[in-house]
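Descriptive analysis of the structure
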Amino acid sequence: MNDTPPRVTPLVGADLVALRRFADAVLDTRDGYRDNVKLYTERADELAADPIRAALCRGQAMAFEEAAGHIDDAVGIATGRWGQERRI
């Protein structure tokens, strides 16, 4: 019986270089999400006169922060660093 979930099967036979590239891509995505948090937070502040647009920007910032946190959690679980205080 194979215990590997189907979604990670393509990574099972990958060499170390490919795995590092994959990890870099995932962490770059996470960093991009964090950059978007800053952007949408600044935009919300700029749009304070328009409460609806400001709220939409704050919602986008919250969503990107949540997504970045999920990536951190997944990487932490995959690398055995789950529960450590510092995010990766």
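This text follows the structure it describes.
The structure contained in this document is the topic of the report that follows. Predicted model only: the values in this text are computed from it and were never measured.

What counts and how
- Here the residue index of a chain counts from 1 through its sequence in written order.
- Only residues with pLDDT of 70 or above have their local features reported here, since the model is predicted, and side-chain atom pairs are shown and tallied only from 80 upward, although totals for entire chains, interfaces and linings are computed over all residues.
- Here the side-chain values reflect all heavy atoms present in the structure, with hydrogen atoms and water set aside.
- Helix and strand assignments come from DSSP, with helices taken as H or I runs of at least 4 residues and strands as E runs of at least 2, each series counted from the N terminus.
- Expected helix span is computed as 1.5 Å times (number of residues minus one).
- For each residue, the accessible area found with a 1.4 Å probe, counting protein chains only, is set against the maximum for its type, and the residue is called buried under 20%, exposed over 50%, and partly exposed in between.
- Pairs of residues are marked as contacts when any of their non-hydrogen atoms sit within 4.5 Å.
- Ring geometry is summarised as follows: Phe, Tyr and Trp rings, the Trp one being its six-membered ring, pair when their centres sit within 6.5 Å, and such pairs are stacked at plane angles under 30 degrees, edge-to-face over 60 and tilted between the two.
- Sitting over a ring, as applied to charges here, requires NZ of Lys or CZ of Arg to be within 6 Å of the ring centre and within 35 degrees of the ring normal.
- To form a nonpolar core, buried Ala, Val, Leu, Ile, Met, Phe, Trp, Tyr and Cys residues must be joined to one another through side-chain atoms within 4.5 Å.

Moving on, we come to helix α2 (residues 16-46). Between its first and last C-alpha atoms α2 spans 45 Å; for 31 residues at 1.5 Å apiece the expected length is 45 Å, and the two agree. Turning to α2, its buried residues are Arg-30, Val-37, Tyr-40 and Ala-44. At its buried positions, α2 is contacted by α3 (51-79).

The next subject is the packing of aromatic side chains. Aromatic ring pairs are defined here through the distance separating the ring centres and the angle between the ring planes. Per the stated rule, a full pass over the model turns up two aromatic pairs. Between the aromatic rings of Tyr-33 and Phe-64, the centroid separation amounts to 5.4 Å while the plane-to-plane angle is 50°, which identifies the pairing as tilted. Residue Tyr-33 is located in helix α2, and its partner Phe-64 is located in helix α3; the two are separated by 31 residues in the primary sequence. Look at Tyr-40 and Phe-64: their rings are 5.9 Å apart centre to centre, the planes differ by 15°, and that puts the pair in the stacked class. Taken together, the residues span a long stretch of sequence, with Tyr-40 in helix α2 and Phe-64 in helix α3 at a distance of 24 residues. Ring-pair connections join several aromatic residues into one group, and the members of that group are Tyr-33, Tyr-40 and Phe-64. Above the face of the Tyr-40 ring, Arg-43 is positioned so that its terminal group lies 5.4 Å from the ring centre.

The biggest cluster of nonpolar side chains holds six residues, and these are Val-37, Tyr-40, Ala-44, Cys-57, Ala-61 and Phe-64. Contributing elements (two or more residues each) for this core: α2 and α3.

Before going further, it helps to examine the environment of Glu-65. By the secondary structure assignment, Glu-65 is in helix α3. A relative accessible area of 33% means that Glu-65 is categorised as partly exposed. Those residues in contact with Glu-65 that sit more than four places away from it in its chain are Arg-34 and Val-37.

Glancing now at α3. Along its 29 residues, α3 runs 42 Å from first to last C-alpha, staying within 8% of the 42 Å computed at 1.5 Å per residue. For α3, the complete set of buried residues consists of Ala-54, Cys-57, Ala-61, Phe-64, Ala-68, Gly-69, Ile-71, Asp-72, Val-75 and Gly-76. In this structure, the buried side of α3 is in contact with α2. The positive-phi residue at the C-terminal boundary of α3 is Gly-80, with phi of around 80°.

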